[in-house]
Each structure stands twice: as structure tokens, then as C-alpha cells.
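Chain by chain, the residues run as shown.
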Amino acid sequence: MAVPVAFFGLFFAYPVTAIVGRGLKAGGDWQFGRIGDVLARPDILDVLWFTTWQALASTALTLLIALPGAYVFARFDFPGKQLLRAVVTVPFVLPTVVVGTAFLALLGRGGLLDELWGVRLDTTVWAILLAHVFFNYAVVVRTVGGLWSQLDPRQEEAARVLGAGRFAAFRRVTLPALGPAVAAAALMVFLFTFTSFGVVQILGGPAYSTLEVEIYRQTAQLLDLPTAAVLTLVQFAAVGAILAVHAATVRRRERALKLVDPDLTSRRPRGPGQWGLLGGVLLTALLLILLPLGVLVERSFDGPGGYGLGYYRALQSAGSGGSSTFLVPPLEAVGNSLRYALVATLIALVVGGLAAAALTRRAGRLVRGFDALLMLPLGVSAVTVGFGFLITLDEPPLDLRTSWILVPLAQALVGVPFVVRTMLPVLRAVDDRLREAAAVLGASPLRAWREVDLPLVRRAVLVAAGFAFAVSLGEFGATVFIARPDNPTLPVAVARLLGRSGELNYGQAMALSTILMLVCAVSLLLLERIRTDRSGEF
């Protein structure tokens, strides 16, 4: 636990505490009375209520739509499975401002839905909920599907032989085994929707505001740092309470599971029911995932003179169209993002892997509290973290303000929770007797980990690496404050282009977003091939 505790203490707790402290201090004295004053305001109460219920609704809708997809990816073998798994993960890395714009083109004035049926969903809750499902579909599919693919199907088959129906066998055998993974996926979805920013700001309009949107408005527009600090504390406390309840609930349901090679559990669909389920999942992916992504691609080629590569060519120049938005050509952001994401993934795997290994050992309340602490970066405002980095990491011995490592560190903060939540259910499902047998035969703890745990969790490690890499590629909230102008990441570059008027800047933003989408898809597809090639080793 030493390395994860030190990492979160230096790069999360310290910056967040510093920025909140500045907001609650006046003349050197703490002003805690401001908390009650802010929370008594009707407009703030409305924000708290909307933030909570839209997150609950988004989580329920995501689970309802994505769990059938998790089953299909875990149990069925069909052509294009690896490609489709990579495609459904792509939305997770796209900047929220880009996805919000794409959904606006689909659901807003003059959008596809408006043209076909005269229906508009922009500035409604339904547009926000659909965009949240678009973002988080892959979280459920990969987190739950990763464990589901390793469950021995013969246990459910034995229950059916003993007289249980298909639904009863699933409810009494498979669902309890999947409980921790489903809870972990639901927790991540809830935290992301609870702190939603770009989607709500673009699709919700002025009528809807989450805590994250309100913190940004109070900080950047109204310059009211005390109110922003209070809202940050409220967000922090709410997320902490949710994580504590989650940790206590899940641990009561965990048990050792018999894990098998995922290649032994997947087969081609049989019968009209299974083929219909596969068709339904493919149709969902087409309408929910591919259609918005197709809008991005179409707009990147739709130039003033017709379809072509004009916007892509403009990315090679730093001052295209007379713009001084960049000190370097926007295309260089591709290389920057890949380098930052690789380093962030390595950091997240080391910190998250050690944390997951520590949490596997049931060592009392300290470890249970640490489990909840690891998820806090997903529930704390990225605006707060970014400002905190700027005001705290600029003096010795942590003078990192001008260092390139600052960006991967901020990205790794968001990647670590995904590593932990992906690896932990699988690690805890490993039977302790296997480790004990290795110890009796003379294996050291390190060798027992290498020869017992690692072969069983290698697939989970690769899934975690994919999540960490994808999250690092698309991280925007904190990176926008600390990325240097001469080394922008892809999301930062897209936001800068969208923030400037003009058709050329908008077209370049769509072109750069398409490149980000392709980079993510190719990276995740390569990861899927590595997983498949190595699956026969264990």
C-alpha cells in the first residue's frame, strides 16, 4: 500500500486540499460558515438534486442496455468480435465537447432526428441520458464481460440439469458471481455521470446544471472561488459516502470463483434466441455508437468546396487560416498524446496493480477505507485537480510545473481507479488454497504471485491497461490546465479549435477528433490481438 498511498497523497490529496483551502480562507481565517450559506441557496439545491437523479437514471439505463452486450462479448464467438469490442470503447476517449456536438447534430435543430421525424431532443434530459450511455457502454461491457468470460458455464448448466429454469439458474448461480463486477461497473458509471460536464453543458443548455458544471461556472465565469470550494467539498463528501457504502456492500458478496480459459467459454450462437440477442446487440452498437461516430467522420470531410481532405491538410500548419491557436502544427498532438498515454498507463498499472494486490488481502478497516479512497479521483472535479496542480507543484522538492511528466501524472490519477476496479474482482476470485499450496511447496510470495495469480489475472491486466490507455488519451479536464502550449494533447487541441470561430477551425476540430478516434480504435484492436494470442498460455 505504500506506493499507492504516497502517489495519491502527493498528486491528489495535496493539490485538492490546497485549492479548497484557498476558497474557504479569508484573511488567514477559515470561513466554514460559508458552507451552510451556499447549501441554503435554492439554485444550489436544484443543482444537487439534478446531479443525483440524472446520475442514477444514467447508471440504470447504461446497465440495462450494456449488460446484454457484456454477455454477447463474453459467451459468443462471431466474425468481427475484436474489431467491435475496440469500436465500442472509442467513445470513452473522445472529448466531451466533441461528443456533445455530435449528439447535437443528431438530436438538435436541423439534426438527423429533426429532418426525418421533426423531433428534437436537445435541451432535454433524454439527450443527456443517451450521451451518457454512449460514453459508458464500454465500461460495463469490458468490466463485467471480462469476468463473465472466465466463469465456468458448467456450473449454470448443472443447475439447469437439477431442474432450474434458464432465468433461475442465471439468478442463483451466475448473477451472484458477477455481483462484484456489476457493482464495480455501476460505481464507475455513476461517478462519471455524477461529475458530468461537457455533455450537460452542450446538450442540457442553461436549464440543466450538474455540480461539475456549476463549479466551472463559479470558478471561470463568476470568479466565485468560495462557492466553488464549497461545491467541491459537497461533491467530495457525496462521492466518499457512496464509495464507503459500495465497499461495505461488495465485500459481503465476494467469494472464490472457479475461473477458466475464456476461449473455452465462447462459442458461436445457437438457435434463434441467441442469434436474435446478437442481432439486438449489433443494432444497439450501430445506432448508439457508430451513428454519432459517423457524424464526426462525415463532418471532417465536408469542406466548403465539397468533400475532401482540406481540413486534414490544414492540420499540418500551425498558423493555418491566419490562426494563432497553436505554436506547433495541431497534427503534432497525436504524437504527444500517444507518449503521454503510454507513460500514464505504465504509472497506472504499477500503482493500481499494487493497490489491487493490497486490497486482495483482507486486512481490516484500513484497507477497506483505502479501497474507497482509490475511487475519489473519479468523483472530484477535474477543474479542482487542474488548478491544484498549478498552485502546489511549482516549488521544490516537487517543482514539476514545467516538466512533461505532469501531464501523465494527471492522466494516471484517472486511470488507476479503472485498473483497480478491473483487476480486483478477478484477484479476489482466485482461491487462496492455490497460493497456500504453492507456499507449502516452497514458493516465495513473489513466485507464488508470478506463477499462481498472474496467469489467472493476465487478461484482467490487459483489460486494465486498455482502459488506462483509453482514459489517458481522452483526459481533458485537468490536462487543459497543465499541458504546455507547444505540447498539446489531442483533446486539448480539439477544444482549442472548437473555442475559435470559423468554419476552418471547426472542420479541423472534427478532423482531429476523427484521428483521435482512429488512434484509439487501432490501439485497442492491437490490445485485443495480444489478448487473443496469449490466451492459450493459461
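Since the structure is predicted, the reported quantities are computational estimates derived from the model, not experimental observations.

*Asks:* Now, about the overall build of the protein chain: what can you tell me, with residues and values included?
*Replies:* When helices and strands are counted, the protein chain shows 23 helices and six strands. Long-range pairs, those at least 24 residues apart, make up 79% of the contacts in the protein chain with a sequence separation of at least 6. Carbon and sulfur atoms make up 64% of the accessible area of the protein chain, which totals about 22,700 Å².

*Asks:* Let's hear about the pattern of salt bridges: which residues, and what values?
*Replies:* Under the criterion given, the structure shown has four salt bridges. Two residues, aspartate 43 and arginine 41, come together in a salt bridge whose shortest N-O distance is 3.1 Å. Classification of aspartate 43 as partly exposed rests on a relative accessible area of 34%. Between glutamate 214 and arginine 217 there is a salt bridge, and its shortest N-O distance comes to 2.7 Å. Placement of the pair is glutamate 214 and arginine 217 together in helix 11 (residues 211–221), with a separation of three residues, close to one helical turn. Here glutamate 214 falls in the buried class, since its relative accessible area comes to 4%. Residue classification places arginine 217 among the partly exposed positions, given a relative accessible area of 31%.

*Asks:* I'd like a description of the side chain of glutamine 274, backed by residues and values.
*Replies:* Position of glutamine 274 relative to the elements: it lies in helix 13 (residues 271–301). Here glutamine 274 falls in the buried class, since its relative accessible area comes to 16%. A polar contact is formed between the side chain of glutamine 274 and the backbone nitrogen of arginine 270, at a distance of 2.6 Å. In contact with glutamine 274, not counting residues within four places along its chain, are Phe76, Arg267, Arg268 and Pro269.

*Asks:* Which residues make up the packing of helix 7 (residues 125–148) against helix 13, and what values go with them?
*Replies:* In the contact formed by helix 7 and helix 13, the axes pass within 11 Å of each other and the chain directions differ by 105 degrees. Of the possible angle classes, the one that applies to helix 7 and helix 13 is roughly perpendicular. Residues Leu130, Val133, Phe134 and Tyr137 of helix 7 form the contact with helix 13, whose own contacting residues are Val281, Thr284, Leu288, Ile289, Pro292 and Leu293. Here the residues of the contact of helix 7 with helix 13 are counted per class, giving nine nonpolar, one polar and no charged.

*Asks:* Could you give an account of a nonpolar patch on the surface, with specific residues and numbers?
*Replies:* A cluster of nonpolar residues, Leu112, Leu116, Trp117, Val119, Leu283, Leu286, Leu287, Leu290 and Leu291, forms a patch on the protein surface that exposes about 850 Å² of accessible area. Elements supplying a minimum of two residues to the nonpolar patch: helix 6 (112–117) and helix 13. Tallying contributions element by element places helix 13 first for the nonpolar patch, with five residues. Within the element layout of this structure, leucine 116 appears in helix 6.

*Asks:* Requested: an account of a positive patch on the surface, with residues and values cited.
*Replies:* Together, Arg160, Arg166, Arg267 and Arg270 give the surface a local cluster of positive charge. Structurally, the position occupied by arginine 270 is in the loop between helix 12 (225–253) and helix 13. What makes arginine 270 exposed here is its relative accessible area of 58%.

*Asks:* Give a detailed account of the packing of aromatic side chains, specifying residues and quantitative values.
*Replies:* What the rule picks out here adds up to 13 aromatic pairs. Judged by centre distance (6.4 Å) and plane angle (75 degrees), the rings of phenylalanine 8 and phenylalanine 12 are edge-to-face. Of this pair, phenylalanine 8 and phenylalanine 12 both sit in helix 1 (residues 2–24), four residues apart, which is roughly one turn of that helix. According to the relative accessible area criterion, phenylalanine 8 is buried, its value standing at 3%. Given the relative accessible area of 2%, phenylalanine 12 is considered buried. Arranged with centres 5.4 Å apart and planes meeting at 75 degrees, the rings of tyrosine 71 and phenylalanine 76 form a pair that is edge-to-face. Residue tyrosine 71 is classed as partly exposed on the basis of its relative accessible area of 23%. With a relative accessible area of 0%, phenylalanine 76 lands in the buried category.

*Asks:* Any details on the side chain of serine 209? Residues and values, ideally.
*Replies:* Looking at the secondary structure, you find serine 209 in the loop between helix 10 (198–204) and helix 11. A relative accessible area of 16% places serine 209 in the buried class. In this view, serine 209 contacts Val47, Phe50, Thr51, Val200 and Glu214; residues no more than four positions away in its chain are not counted.

*Asks:* Break down the nonpolar core for me, citing the residues and quoting the values.
*Replies:* Within the largest apolar cluster, 154 residues are counted, with the highest numbers of intra-cluster contacts made by Phe7, Phe389 and Phe418. Here phenylalanine 389 is in contact with Phe11, Pro15, Leu406, Ala410, Leu413 and Ile482, once residues within four sequence places are set aside.

*Asks:* Talk me through the packing of helix 9 (residues 166–194) against helix 18 (residues 406–429); I want residue IDs and the actual numbers.
*Replies:* Packed helices, taken two at a time, are described by the angle between their axes plus the distance between the axes. It is at 9 Å that the axes of helix 9 and helix 18 come closest, and there the two elements cross at 165 degrees. In terms of orientation, helix 9 and helix 18 fall into the roughly antiparallel class. In this structure, helix 9 crosses over helix 18, and the sense of that crossing is left-handed. Contact with helix 9, carried on its side by Ala181, Ala184, Leu187, Met188 and Phe192, involves Val414, Phe418, Arg421 and Pro425 of helix 18 and no other residues of that element. Of the residues in the contact of helix 9 with helix 18, the class split is eight nonpolar, no polar and one charged.

*Asks:* Can you tell me about the environment of leucine 24, naming the residues and giving the values?
*Replies:* Within the secondary structure, leucine 24 is located in helix 1. In sequence terms leucine 24 and leucine 225 are 201 residues apart; their C-alpha atoms lie 8.3 Å from each other.

*Asks:* Explain the environment of valine 351 residue by residue, including any values.
*Replies:* Within the element layout of this structure, valine 351 appears in helix 15 (residues 332–360). Along the backbone, valine 351 and alanine 2 are 349 residues apart, and their C-alpha atoms lie at a distance of 9.6 Å. Those residues within four positions of valine 351 in sequence are excluded, and the remaining contacts are Val3, Pro4, Phe7, Phe8 and Val416.

*Asks:* Got a sec to walk through the confidence of the model for the protein chain? Specific residues and values, please.
*Replies:* Looking at the protein chain, pLDDT values average 79 and 87% of them are 70 or higher. Within the protein chain, helix 3 (residues 42–75) carries the highest mean pLDDT (91), whereas strand 1 (residues 25–26) carries the lowest (65). Confidence over residues 534–538 falls short of pLDDT 50; this stretch has 10 contacts with residues more than four positions distant or in other chains.

*Asks:* Describe helix 18, and please don't skip the residues or the numbers.
*Replies:* With 24 residues, helix 18 should reach 34 Å at 1.5 Å per residue; the first-to-last C-alpha distance of 35 Å fits that figure. Of all the bends found along helix 18, the most pronounced is centred on leucine 413 and spans about 35 degrees, while proline 417, a proline, follows it within four residues. Most of helix 18 is tucked away: 24 of the 24 residues are buried.

The rules behind each value
Residues numbered from 1 in each chain as written. Predicted model: local features only at pLDDT ≥ 70, side-chain atom pairs only at ≥ 80, totals over all residues. Heavy atoms only, no water. Helix = DSSP H or I, 4+ residues; strand = E, 2+ residues; numbered from the N terminus. Contact = heavy atoms within 4.5 Å. Areas by Shrake-Rupley, 256 points an atom, 1.4 Å probe, with all protein chains shown as cover. Salt bridge = Lys/Arg side-chain N within 4 Å of Asp/Glu carboxyl O. Buried < 20%, exposed > 50% of the residue type's maximum accessible area, 1.4 Å probe, protein only. Polar contact = N/O pair within 3.5 Å; in protein donor to acceptor, adjacent residues only side chain to side chain. Axes fitted to C-alpha atoms, helices over the stretch in contact; angles between N-to-C directions. Parallel < 35°, antiparallel > 145°, perpendicular 65-115°, else oblique. Nonpolar A, V, L, I, M, F, W, Y, C, P; charged D, E, K, R; others polar. Patch = residues over 30% accessible without salt bridge, like charges linked within 9 Å, V, L, I, M, F, W, Y side chains within 5 Å. Lys, Arg positive; Asp, Glu negative; His and termini not counted. Charge placed at Lys NZ, Arg CZ, Asp CG, Glu CD. Phe/Tyr/Trp six-rings, centres within 6.5 Å; stacked < 30°, edge-to-face > 60°. Core = buried A, V, L, I, M, F, W, Y, C linked by side-chain atoms within 4.5 Å. Left-handed = near helix turned anticlockwise from the far one by under 90°. pLDDT = per-residue confidence, 0-100. Expected span 1.5 Å × (residues − 1). Bend = angle between axes of the 7 residues up to and from the residue.

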